[in-house]
Amino acid sequence: MIAHVDMDSFFVSVELLRRPDLRGRPVIVANGTSARSRGVVMTASYEAREFGVHSALSLAVAHRRCPQAILVPSDMRLYRRASKAVMDIFAEFSDTLEVAGLDEAYLDLSGSIAPKTRAREMKHLVRQRTGLTCSVGLGSNKLLAKIASDLEKPDGLSVLDETEMPDRVDGLSARIIPGVGPKTEQRLSGVGVQTVGDLARIEFELLADAVGRNHARGLQARANGQDGRQLEPVREPKSESRETTFDRDISDLEWLGARIDELAGEVCASLSRGCRAGRTVTLKAKLASFQTLTRSRTLPHHTRDPDEVARLGRELLDVLDAAEPLRLIGIGLSGLRRDGESPPPTVDDGPALRLDLDAA
DNA sequence: TCTGGGGTCCTAGGACCC
DNA sequence: TCTGGGGTCCTAGGACCC
């Protein structure tokens, strides 16, 4: 039995621990400090959600929908500490824990005789030790557990059996299926798919024409509750990046170059702390028109030298030759390797493949 | 009405190699 | 002289997730 734990309006709930006076009021945690800044809602309290305020909504719109909302600037260091505290509690309930973000995790409760009781105990302990609530879903795989945790929120606990899937989920929007985002939802709508049930039963070829064969296979399996993924307790990072959105759109190359220097410095400092280095440097730019461009270059060696990364970043900015001012710029490194780790073997390093024709 | 930041995975074409 | 084909790496873009 797999459990999926999802902390309830996590960032807001953590803020309320130090601002109890705000409890019961519409609260928004955002990366911007005013309704005029170019920010979005990171988390909205349930009181704010009543007004149609939700994650990723622009602050300008959020403010229009709920002018009385209290805007709290985000404090990621605090949320990371709180996250660590709750993950430590989860770890007391299972040896197999997959952290799936600051506010969610999967646990393997197969070793437990009464998983639902264990889950209830875990929710209790989280509330007792941290003052935070969470919603837990139980299922025979990650997908069912994840869907289950969404069925009763906040402070929920629900079990979703594969055989109950049609009864409890078929009528819900296909959007609850992981992998169905705004674009896929539109394409699905084009072939008459609105609900999970529609997706589960649509003729495969029709679905494949709409979203591609590969995607179609995965989506239809999920709509039927099937998911073969294992928990992944340890995940090696594959890339690391920093980006920043400006208060206003910028064309000044010298000024942009200075931002690249700063971002490269931050990425390299962080990689250094994690004893990692990368081979591919990627420059990301978002134009005033919102189009996103990337330019990348792969080095023959791994690096976390801020000067080298910044120099490459500036070169890539020249190559980019943007025709519009930029609203965002970012620098990332991928192809990461931990210090002392041998590079992945190339074909030449392996033993020669020998065909023993005589043996046949 | 205006759209963050940090990630993952997938696709597709071209280069290159055997 | 119309045609190899498979595998891997690199680059760019897109969708999605939290």
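An account of the accompanying structure is given in this report. (Residues numbered from 1 in each chain as written. Chains lettered and ligands numbered in written order. Predicted model: local features only at pLDDT ≥ 70, side-chain atom pairs only at ≥ 80, totals over all residues. Heavy atoms only, no water.)

**Focus: the protein's contact with DNA strand B**
1) Next: Around DNA strand B, the structure places 24 residues, and the nearest of them are Asn214, Ser239, Glu243, Thr245 and Arg327.
2) Next: Sugar and phosphate atoms represent 73% of those atoms of DNA strand B found within 4 Å of the protein.
3) Next: Ser239 has a polar side-chain atom sitting 2.7 Å from a phosphate oxygen of DNA strand B.
4) Next: The separation between a phosphate oxygen of DNA strand B and a polar main-chain atom of Ser241 is 2.7 Å. (Near = heavy atom within 4 Å. Polar contact = N/O pair within 3.5 Å; in protein donor to acceptor, adjacent residues only side chain to side chain.)

**Structural notes on the nonpolar core**
1) Next: Membership of the largest hydrophobic core comes to 34 residues, with the highest contact counts inside it found for Met7, Phe10, Phe90, Leu107 and Val136.
2) Next: Among the elements that take part in this core, helix α4 (residues 76–91) stands out by supplying seven residues, more than any other.
3) Next: Apart from the residues within four sequence positions on either side, Leu107 is in contact with Met1, Ile2, Ala3, Val5, Phe90, Phe93, Ser94, Thr96, Leu97, Met122 and Leu231.
4) Next: Listed in part, the 26 residues of the second largest apolar core include Leu256, Ala264, Ile329 and Leu336. (Core = buried A, V, L, I, M, F, W, Y, C linked by side-chain atoms within 4.5 Å. Buried < 20%, exposed > 50% of the residue type's maximum accessible area, 1.4 Å probe, protein only. Helix = DSSP H or I, 4+ residues; strand = E, 2+ residues; numbered from the N terminus. Contact = heavy atoms within 4.5 Å.)

**Re the side chain of Glu98**
1) Next: Positionally, Glu98 belongs in strand β5 (residues 97–99).
2) Next: If near-sequence neighbours (up to four positions away) are discounted, Glu98 is found in contact with Glu104, Ala105, Tyr106, Lys142, Gln230, Leu231, Glu232, Pro233 and Arg235.

**Some points on the layout of surface pockets**
1) Next: Taken as a whole, the largest pocket holds about 1,200 Å³ of empty space.
2) Next: Lining the largest pocket we find 33 residues, and of these Met76, Arg80, Leu102, Glu240 and Ser241 sit closest to its centre.
3) Next: Those elements that provide at least two residues to the lining of the largest pocket are α4, β5, β9 (239–250) and α12 (253–273).
4) Next: Considering only enclosed or pocket space, the second largest pocket measures out at about 650 Å³ in volume.
5) Next: Contributing to the lining of the second largest pocket are 23 residues, with Asp6, Arg49, Ser55, Asp150 and Lys153 lying nearest its centre. (1 Å grid on protein atoms, 1.4 Å probe; cavity = no way out; pocket = protein on both sides within 12 Å on 5 of 7 lines; lining within 4 Å. Points joined across faces, edges and corners; volume = space filled by probe spheres on them.)

**Observations regarding the packing of aromatic side chains**
1) Next: The full count for this structure, using the stated rule, is three aromatic pairs.
2) Next: Ring centres 6.0 Å apart and planes at 50° place the aromatic pair Phe10 and Phe11 in the tilted group.
3) Next: Note on Phe246 and Trp255: the rings are 5.1 Å apart at their centroids and 80° apart in plane angle, and the pair reads as edge-to-face.
4) Next: Pairwise contacts between aromatic rings join Phe10, Phe11 and Tyr79 into one cluster.
5) Next: Over the face of the ring belonging to Tyr46 we find Arg49, whose NZ or CZ atom lies 4.3 Å from the ring centre.
6) Next: The side chain of Arg259 reaches across the aromatic face of Trp255, ending 4.4 Å from its centre. (Phe/Tyr/Trp six-rings, centres within 6.5 Å; stacked < 30°, edge-to-face > 60°. Lys NZ or Arg CZ within 6 Å of the ring centre and 35° of its normal.)

**Overview of helix α11 (residues 213–223)**
1) Next: Listed as buried for α11 are Ala216, Leu219, Gln220 and Ala223. With its buried residues spanning 95° around the axis, α11 presents them on a single face.
2) Next: Considering only its buried residues, α11 is in contact with α7 (165–169), α8 (182–190), α9 (196–201) and α10 (204–211).
3) Next: Gly225, located one to two residues past α11, shows a positive phi value of around 80°. (Arc of directions from axis to C-beta.)

**So, the protein's contact with DNA strand C**
1) Next: As a matter of local geometry, DNA strand C sits amid 20 residues, with Lys146, Gly179, Thr184, Ser296 and Thr298 nearest to it.
2) Next: Counted by atom, the contact set of DNA strand C within 4 Å of the protein is 100% sugar and phosphate.
3) Next: Between DNA strand C and Arg279, the relevant distance is 2.7 Å, taken from a phosphate oxygen to a side-chain nitrogen or oxygen of the residue.
4) Next: For the surface near DNA strand C, the elements supplying multiple residues, two or more each, are α8 and β11 (292–303).
5) Next: When residues of the surface near DNA strand C are assigned to their parent elements, the largest contribution, six residues, is made by β11.

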